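Single-letter residue listing:
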Amino acid sequence: MGEIVLSEVRKSFGGVSIIQGIDLVIPEGEFVVFVGPSGCGKSTLLRLIAGLEDTSSGTISIDGKDATRLPPAKRGLAMVFQSYALYPHMSVRKNIAFPLRMAGLPAEEQQRKVEAAAKVLNLTPYLDRKPSQLSGGQRQRVAIGRAIVREPAAFLFDEPLSNLDAALRVSMRQEISELHHTLKTTMVYVTHDQVEAMTMADRIVVLNAGRIEQVGSPLELYRSPANLFVAGFIGSPKMNLVEGAEAARHGAHTLGVRPEHIDIAEDGPWKGMVGLCEHLGSDTFLKVEVEGVGQINVRVGGDVPLRHGSQVSLAPQADKLHRFDAAGKAMA
Amino acid sequence: MATQASRIAGRLMLSPAVVLLFLWMIVPLGMTIYFSFLRFNLLMPGTEEFTGFENYSYFFTDPAFWPALVNTLTLVLGVLVITVVGGVALAVLLDQPMWGQGIVRILVIAPFFVMPSVSALVWKNMLMNPVNGLFAALARALGLQPIDFFASAPLASITAIVAWQWLPFATLILFTAMQSLDREQMEAAEMDGAGPIWRFVHLTLPHLMRAMTVVVLIQTIFLLSVFAEILVTTNGGPGTASTTLTFLVYMQSMLQFDVGLGSAGGIVAVILANIVAIFLMRMIGKNLEA
Amino acid sequence: MAREASKGHKAAVTVLAWGVALLIFFPILWTFLTSFKTEGEAINSHPSFLFFDWTLENYETVNQRSDYLAHFWNSVVISVGSTVLGLIIAVPAAWSMAFVPGKRTKDILMWMLSTKMLPAVGVLVPIYLLARDAGLLDTKTGLVIVLTMVNLPIIVWMLYTYFKEIPGEILEAARMDGATLSSEILYVLTPMAVPGIASTLLLNVILAWNESFWTLNLTAASAAPLTAFIASYSSPEGLFYAKLSAASTMAIAPIMILGWFSQKQLVRGLTFGAVK
């Protein structure tokens, strides 16, 4: 149950190509995150899997069966929307029971399943409230509850946390991860937030302009980005990308080094002046104007005695350098 | 953004309304056009024959035609001017802080809900009647000669009645639009030293433009068809002094039973309305796109 | 940040606004008062405002003599009937345009609006003849059909603007939850759209109640709603001010009460959502 296979999937709206030939296998039980900048087609791809949009060409199969032309209701998938999309006129109980009611389950069984789901999601005290009487996090859990009760082949999440405040986002993120460990059902999760992608995914699919840039586990993408796009997208703060003479010295068109892979060293090759200096306590973020290289972001420990205008020497860690050719591809 | 299946369902669900409206528009309109080329009187059944543009030439040379056209435009423009100017003034007034604003608003809106035949009768008999009306009583109390409104100024009297009915509508819409006026912008202008008149002309009026457009459009649609007010008060008279195109066509087809002539008149009214509509749709298109 | 206006300014505005409002409302108030006067008092050349012998006899007479209740019932049937029929046709159409918009949706909406601009008089003769030949002249059925078509564009537009505000994601959620199109509309869309549908209903009942072109031209006696009934008072033998006032008060009271409740929706509805 729950394997999703996309082959040569394309989608265009009125002649504009949004998804340009996607091949992807999502094995059963995996937590896959689609990540990319806005407009990259990640939400459209999810909606194609859901059946909310027609696939222009290519096939989507779920559990080995061709589902390309099936209506959403017949695909056995459940979706959690960005706006939660709760039915405002129904109580929490009725919201969660709705898919069961549509499936024609007997009332007692609906009741039993709703209460089981409510227990898992700590919603039992709120079952008879309307969505408008709930907080953002509770609404999110109702939306998840509505998805769980169907026992779907896979869960689809469309940026489910983007309407929550920062603190709640972190705790919901953990709840969804735990849910995945408990249910062991396939989950496909769309986000533009690379931190969510890194922390939740078994595997990340990086999308850009309707194409897959790279597929891999979070650490694979972090350690060996396949191209400049992935290098720039994954990791926070962003990887420094240096062109010109300094890159040529390393035999590359573009040289990439992550801020956390640069040390402050007396004899460091890069010398410059500290511009912005942010002391976060645990870390310090520096913007350094390095002569002949350009502006470099550096992440160092919490107690460096530097401030705006300090002179500093930097040493990039030699084994953590990323080299890219003129086409932006990673060099071996 | 939807699937093929839902698009098909959408089309199926849209079609009854579209088909019915299309039939409602095209069948009678086609019949009217057809009748307008016939000699066709309901009192003489069986004598219908094709006459070309004869009905049109009769209609245009009817001594009532030009007065009716002028009366129609006078009525529509008169009511529009009164209601828009009065509506803006009332909207600005109602927007000020006051006691009992809710009740004031209810009182101002009330005439809109009065059916045309009632308002026409009430104005004609109880207010404007030269003998028993309240205005006559007032005039006498002031030592003046009571005015026979419908004899001496029939069109102006009807315009007043219709304006009374539509003033609430304009006020309500303009007042609603006032609510969305950017108060901070107003205060910023005040800080910059702009006086109340400058603020009204340069901030309030432009903000109300869109609402005024809507008022003009909607009212024009209804005003071109003003009927009951005329039927009840003057019956188009005296002479043709208060006959509008709508009323002229009504008289020809429903009172003289001359279907051919009435139909030609109807088509003229349609063409006139279309000319107005094209202007309005353009204006609206510009103003509503945003 | 509204400032506290000076008391003096507020008092002046209050006096002015109340004065204007009472002036505008006066004809209705006068009608209401006159309905409680005797006929003699009603045409008294020194009209009295409140100090007269209040009587209910006009209401009794109007009800007994002119079959007021029958006309009232006609008005109810025609306005409610045409609105409900219109809603049945318009709900699916508005659903379709709001949630499955195509390239031509905007054009269709504009076209519907343009049919409202067709002057009624342009189609008076054919509608009259068609109604006559179908035996629908002076029948409630005939007027229900005509008024349904007359108000259909407004109903569609109003519903469309209300439906547009319902997030499409909720309907998609229903689809994901296994709802068929009919259950989607029945269990999800309709309950959410109830406020919008209710105000559409209210506004169109008001419009149909007061419609005075078709109701006057297509009815004679038996199906005549209040608009036509009141218009018959314009003939000389009906010139009894007090009775006219009583009949008028009864004709406008129900709709005025409905109207005051629906002020807010009225603006949205009549401006096709352009002013909120």
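Residues numbered from 1 in each chain as written. Chains lettered and ligands numbered in written order. Predicted model: local features only at pLDDT ≥ 70, side-chain atom pairs only at ≥ 80, totals over all residues.

Student: Looking at this model, I keep getting lost on the overall build of chain A. Mind explaining?
Tutor: In terms of helices and strands, chain A carries nine helices and 18 strands. In terms of its C-alpha atoms, chain A occupies a principal-axis envelope of roughly 75 × 45 × 35 Å. By residue count, 41% of the 332 residues in chain A fall in the buried class. For chain A, the proportion of contacts with a sequence separation of at least 24, taken over those separated by at least 6, is 63%. (Helix = DSSP H or I, 4+ residues; strand = E, 2+ residues; numbered from the N terminus. Buried ≥ 20, exposed ≤ 12 C-beta atoms within 10 Å, placed from the backbone. Contact = placed C-beta atoms within 7 Å.)

Student: Looking at this model, I keep getting lost on the packing of helix H8 (residues 168-176) of chain C against helix H9 (residues 181-210) of chain C. Mind explaining?
Tutor: A pair of packed helices is captured by two measures, namely the crossing angle of their axes and the spacing between those axes. Residue and element names in this part refer to chain C. In the contact formed by H8 and H9, the axes pass within 10 Å of each other and the chain directions differ by 135 degrees. Considered as vectors, H8 and H9 are oriented oblique to each other. Classified by chirality, the crossing of H9 by H8 is right-handed. Along the contact surface, H8 presents Ile170, Leu171, Ala174 and Arg175, while H9 presents Glu184, Val188 and Leu189. Among the residues making up the contact of H8 with H9, the classes are represented as five nonpolar, no polar and two charged. (Axes fitted to C-alpha atoms, helices over the stretch in contact; angles between N-to-C directions. Parallel < 35°, antiparallel > 145°, perpendicular 65-115°, else oblique. Left-handed = near helix turned anticlockwise from the far one by under 90°. Nonpolar A, V, L, I, M, F, W, Y, C, P; charged D, E, K, R; others polar.)

Student: In this structure, what is going on with the interface of chain B and chain A? I would like to understand it.
Tutor: Reports of interface size often rely on the accessible area that becomes lost once the parts have come together. The interface of chain B with chain A comprises four residues on the first partner and four residues on the second. Looking at side-chain class alone, the side of chain B that touches chain A contains two nonpolar, two polar and no charged residues.

Student: Any chance you could explain the UniProt feature "domain: ABC transmembrane type-1" (unreviewed entry) in chain B here in plain terms?
Tutor: Per the UniProt annotation, the sites labelled "domain: ABC transmembrane type-1" (unreviewed entry) are residues 69-280 of chain B. Helix makes up 76% of residues 69-280 of chain B and strand makes up 0%, while its end C-alpha atoms are separated by 19 Å. (UniProt positions renumbered as here; feature names shortened; annotations may be inferred.)

Student: What exactly am I supposed to notice about the sheet that holds strand E3 (residues 31-35) of chain A here?
Tutor: Strands in a sheet are paired, the pairing made by backbone hydrogen bonds, and the direction either parallel or antiparallel. Residue and element names in this part refer to chain A. Strands sit in the order E6-E7-E8-E3-E9-E10 across an open sheet of six strands; the sheet is mixed. The two strands at the open ends of the sheet, each matched to only one other strand, are strand E6 (77-80) and strand E10 (211-216). Direction aside, the axes of adjacent strands within the sheet are offset by 20 degrees on average. Summarising the sheet, E3 and strand E8 (residues 186-191) pair through five bridges and their orientation is parallel. Each residue of the ladder has a partner; that of Val33, found in E8, is Tyr189. Packed onto the sheet, helix H4 (residues 136-148) meets E6 and strand E7 (154-158) and runs at close to 175 degrees relative to E6. (Pairing = 2+ DSSP bridges.)

Student: Sorry if this is basic, but what is going on with the UniProt feature "domain: ABC transporter" (unreviewed entry) in chain A here?
Tutor: Per the UniProt entry, the sites bearing "domain: ABC transporter" (unreviewed entry) are residues 4-234 of chain A in this numbering. The distance separating the terminal C-alpha atoms of residues 4-234 of chain A is 25 Å; by composition the span is 36% helix and 26% strand.

Student: It is not clear to me how the confidence of the model for chain B should be interpreted in this structure. Could you clarify?
Tutor: Note that predicted coordinates carrying low pLDDT should not be read in detail. All names here are of chain B. Put simply, chain B has an average pLDDT of 84, and 97% of its residues get 70 or more. Averaged pLDDT values over the elements of chain B bottom out at 77 in helix H13 (residues 259-289) and peak at 92 in helix H3 (residues 65-95). ipTM for the predicted complex: 0.82, alongside a pTM of 0.79. (pLDDT = per-residue confidence, 0-100.)

Student: Would you mind going over the interface of chain C and chain B with me for this structure?
Tutor: Each partner contributes residues to the interface: chain C has 81 residues there, and chain B has 83 residues. Each residue belonging to the side of chain C that touches chain B can be placed in one class, and the counts come to 61 nonpolar, 18 polar and two charged.

Student: Explain the domain arrangement of chain A here, please?
Tutor: Domain assignment breaks chain A into domain 1 (4-225) and domain 2 (237-324). Distance from the C-alpha centre of domain 1 of chain A to the C-alpha centre of domain 2 of chain A: 39 Å. (Domains from an automatic or database assignment.)

Student: Can you help me understand the environment of Ser61 of chain A in this one?
Tutor: Residues and elements named next belong to chain A. Relative to the helices and strands, Ser61 resides in strand E4 (residues 57-62). With 59 residues separating them in the primary sequence, Ser61 and Gly2 have C-alpha atoms 10.0 Å apart. Excluding anything up to four places from it in sequence, Ser61 contacts Val5, Asp66 and Ala67.

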